[in-house]
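Breakdown of the fold
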Amino acid sequence: MFTNEITAQKFTKLDASPMDAASYPSSYKEANKMVKIIYSRPQLKGRTVAELAPNDKVWRTGANEAAEITFYKDVTFGGEAVKAGTYTLFTIPGDGEWTVILSTAKNVWGSYFYKKSEDVVRVKGTVSKSEDSIEAFSIAFDGTDSDVNMYLGFGNTVVTVPIKG
């Protein structure tokens, strides 16, 4: 016996802070990646970066789930040795520099359950200013061969962390 009955599905609406990914090399044609990060993209919508990512407080580095970064080989991240693997990326914003944290925590919502004891490394990210305001939090990589910079951009703030692979 066959039926053509259709069951209605409930699909959620588009998330206000959609998930995105950035990698290096960034070309989809290059399968041999050094690093990939999956994160959600909050938008300013008239708010300041300090309202969404307050200075001196641990931030999930995006929205919703904390950002997850995968290194496909051993690297030097901000001057510190890091083994290949997947880590949660937290940050602590500041005026002149941001602290960038790689943590062993997995599947973390926000930074509500952040534990310093799970830190793998803490490095300093250099802060610069963007001429144009970046409405949606963004992460990008740029570099040559094994010398790469990771950029976190939001509002007029750009945080840079060097990665060597």
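A few points on the structure. (Residues numbered from 1 in each chain as written. Predicted model: local features only at pLDDT ≥ 70, side-chain atom pairs only at ≥ 80, totals over all residues. Heavy atoms only, no water.)

With that settled, consider the packing of aromatic side chains. Overall, the coordinates contain 8 aromatic pairs when judged by the stated rule. Their ring planes at 80° and their centres at 6.1 Å tell us that tryptophan 59 and tryptophan 98 sit as a pair that is edge-to-face. On the criterion of sequence distance, the pair formed by tryptophan 59 in the loop between α1 (49–52) and β3 (67–71) and tryptophan 98 in strand β7 (residues 97–103) is long-range, its members being 39 residues apart. One exposure class covers both tryptophan 59 and tryptophan 98, and it is buried. Residues tryptophan 59 and phenylalanine 137 carry aromatic rings whose centres are separated by 5.1 Å and whose planes lie at 80° to one another, so their mutual orientation is edge-to-face. A residue pair is termed long-range when its members are at least 10 positions apart, and tryptophan 59 in the loop between α1 and β3 and phenylalanine 137 in strand β8 (residues 119–144) qualify at 78 residues. For the pair tryptophan 59 and phenylalanine 137, a shared accessibility class is recorded, and that class is buried. One aromatic cluster is present, built from ring pairs that chain together Tyr39, Trp59, Trp98, Phe137 and Phe154. (Phe/Tyr/Trp six-rings, centres within 6.5 Å; stacked < 30°, edge-to-face > 60°. Helix = DSSP H or I, 4+ residues; strand = E, 2+ residues; numbered from the N terminus. Buried < 20%, exposed > 50% of the residue type's maximum accessible area, 1.4 Å probe, protein only.)

Take the sheet that holds strand β4 (residues 75–77) next. In space, the 9 strands of this open sheet follow the order β1-β2-β3-β6-β7-β8-β9-β4-β5, with antiparallel pairing throughout. Taken across any chain shown, the strands that pair with only one partner, and hence form the sheet edges, are β1 (19–24) and β5 (80–82). With direction set aside, neighbouring strand axes in the sheet form an average angle of 35°. Here strand β2 (residues 35–40) pairs with β3 via 4 bridges, running antiparallel. What sits directly across from isoleucine 37, in β3, is isoleucine 69. (Pairing = 2+ DSSP bridges. Axes fitted to C-alpha atoms, helices over the stretch in contact; angles between N-to-C directions.)

When you tally the buried positions in β3, you get 4 out of 5 residues, the bulk of the element. With 5 bridges joining them, β3 and strand β6 (residues 85–92) adopt antiparallel strand pairing. Bridging from a neighbouring strand, alanine 67 pairs with leucine 89 of β6.

Inspection of the entire model under this criterion finds 5 salt bridges. Here arginine 122 and aspartate 119 are joined by a salt bridge, their closest N and O atoms 2.7 Å apart. Arginine 122 sits in the partly exposed class, given a relative accessible area of 34%. (Salt bridge = Lys/Arg side-chain N within 4 Å of Asp/Glu carboxyl O.)

Quick look at the nonpolar core now. In terms of nonpolar packing, the biggest core is built from 34 residues, with Phe71, Phe77, Phe141 and Met150 touching the most fellow members. When contributions to this core are tallied by element, the ones reaching two or more residues are β1, β2, β3, β4, β6, β7, β8 and β9 (147–164). When residues in this core are grouped by element, the largest group, 7 residues, is from β9. If sequence neighbours within four positions are ignored, phenylalanine 141 has contacts with Ala22, Ser23, Tyr24, Val35, Ile37, Val148, Asn149, Met150 and Ile163. Phe90, Ile92, Val108 and Tyr114 belong to the second largest nonpolar core, which has 7 residues in total. (Core = buried A, V, L, I, M, F, W, Y, C linked by side-chain atoms within 4.5 Å. Contact = heavy atoms within 4.5 Å.)

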